[in-house]
Amino acid sequence: MISISEAQIAAWLSPVLWPFLRVLGLFSVAPVFSLRSIPMRAKIGLALLVAIAAQPSLQGQPVIGVDTPGAFGAVVQQVGVGIAIGFAVRLVFSAVELAGELIGLQMGLNFAAFFDPSSGGQVSAVSRFLGHMSMLLFVVINGHLMLLMAVVRSFSAFPADGNVLQVFATTKLHLLGAEIFSSALWIALPMIGLMLFVNLTMGIISRVAPQMNIYAVGFPVTLTVGMAGIAAILPMLDRPVLALMQKVLDLFGG
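Residues numbered from 1 in each chain as written. Predicted model: local features only at pLDDT ≥ 70, side-chain atom pairs only at ≥ 80, totals over all residues. Heavy atoms only, no water.

Glancing now at the nonpolar core. Counting 61 residues, the largest nonpolar core has Ile103, Leu147 and Met245 as the members making the most contacts within it. Elements represented by at least two residues in this core include exactly α1 (6-29), α2 (40-53), α3 (71-107), α4 (125-140), α5 (143-157), α7 (176-208), α8 (214-233) and α9 (238-251). For this core, the element with the highest residue contribution is α3, accounting for 14 residues. (Core = buried A, V, L, I, M, F, W, Y, C linked by side-chain atoms within 4.5 Å. Buried < 20%, exposed > 50% of the residue type's maximum accessible area, 1.4 Å probe, protein only. Helix = DSSP H or I, 4+ residues; strand = E, 2+ residues; numbered from the N terminus.)

If you want it as structure tokens, here you go:
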């Protein structure tokens, strides 16, 4: 008669269960993976596939039984680490969208707002356009594969020992809030300078030729120059996005 002990069951389940929960937490908030168009069964199946495929690189992880007192802490840690990685990458896209808001404000296009189902709020046209461009760039640079490698390598920095407080104390995700504004200004600075020059030119023209209706001429000019400026800065969008992605993934050993 074959007998299986609880220690053997824990040794079989632990190497797969904890990576599965961490990847599943990542899929709940990470860009691309958290899209509502992806069925939940597909996300669960893909998370299980990633957890099984990552077994050769996850040797030496602590074995935690599902019926031990540390199991609840391990569950909280795995879900917390996965959500933290996805949230940190989401901040990269928030910086690009904030840059779009600043650019749209300078162009006078912030009144053209749409409802964004992913965020549940109103988003301007420029912000939504840059957000879609950054999403396509994320896929082109294999950002989704970088996320999967980061969540697997995070077990080296944060083993499955149930210490979730160490994760937040080490990563210091609250400091990434400043990166949103600094990176957004970095992306939007060329457009802000360009639109400032256009508005200054319009002001000089209105003083030199008061008979010209500057309100009828100013909006088409700012809109045209703004569109040309956006087309000029799009090829340079990869540098700040890659720099932010590298900074975020370095927090988790990616």
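Resuming the write-up.
Geometrically, a packed helix pair is captured by the angle between its two axes and the distance between the axes. Orientation of α3 relative to α5, taken along the N-to-C sense of each, is 140 degrees, at an axis distance of 11 Å. The angle between the axes of α3 and α5 places the two elements in the oblique class. For α3 against α5, the interelement crossing comes out right-handed. Only Leu147, Ala150, Val151, Ser154 and Phe155 of α5 make contact with α3, whose side of the interface consists of Gln78, Val81, Ile85 and Val89. Considered class by class, the residues forming the contact of α3 with α5 number seven nonpolar, two polar and no charged. (Axes fitted to C-alpha atoms, helices over the stretch in contact; angles between N-to-C directions. Parallel < 35°, antiparallel > 145°, perpendicular 65-115°, else oblique. Left-handed = near helix turned anticlockwise from the far one by under 90°. Contact = heavy atoms within 4.5 Å. Nonpolar A, V, L, I, M, F, W, Y, C, P; charged D, E, K, R; others polar.)

A few words on the side chain of Ser183. Note on placement: Ser183 falls in helix α7. Residue class for Ser183 comes out buried when judged on its relative accessible area of 4%. Ignoring anything within four residues of it in the chain, the contact list for Ser183 reads Ala95 and Leu244.

In this section: α9. Helix length check: α9, at 14 residues, gives a terminal C-alpha distance of 20 Å against a target of 20 Å (1.5 Å per residue), a fit within 8%. Within α9, the full set of buried residues consists of Pro240, Val241, Leu244, Met245, Val248 and Leu249. Taken down its axis, α9 places every buried residue within 155 degrees of arc, on the same side. Summarising the contacts, the buried residues of α9 are in contact with α3, α4, α5 and α7. (Expected span 1.5 Å × (residues − 1). Arc of directions from axis to C-beta.)

If you walk through the whole model with that rule in mind, you get two aromatic pairs. Between Phe27 and Phe33, the aromatic rings sit 4.6 Å apart at their centres with planes inclined by 20 degrees, giving stacked as the arrangement. For the pair shown, Phe27 and Phe33 are each scored as buried. Taking the centre distance of 5.4 Å and the plane angle of 70 degrees together, the rings of Phe93 and Phe138 count as edge-to-face. Of this pair, Phe93 sits in helix α3 while Phe138 sits in helix α4, and the two are 45 residues apart along the sequence. (Phe/Tyr/Trp six-rings, centres within 6.5 Å; stacked < 30°, edge-to-face > 60°.)

Looking now at unusual backbone geometry. Unusually for a residue other than glycine, Val32 sits at a positive phi of about 70 degrees. For Val32, the position within the fold is in the loop between α1 and α2. Not every positive phi belongs to a glycine, and Asn142 is a case in point at roughly 60 degrees. In this fold, Asn142 is placed in the loop between α4 and α5. With relative accessibility at 37%, the residue Asn142 sits in the partly exposed group.

You can see Val217 is positioned in helix α8. Classification of Val217 by relative accessible area gives partly exposed; the value is 34%. Remark: the alpha-carbon pair of Val217 and Met202, spanning 15 residues in sequence, is separated by 8.9 Å.

As far as function goes, none of this settles anything; it's purely spatial.
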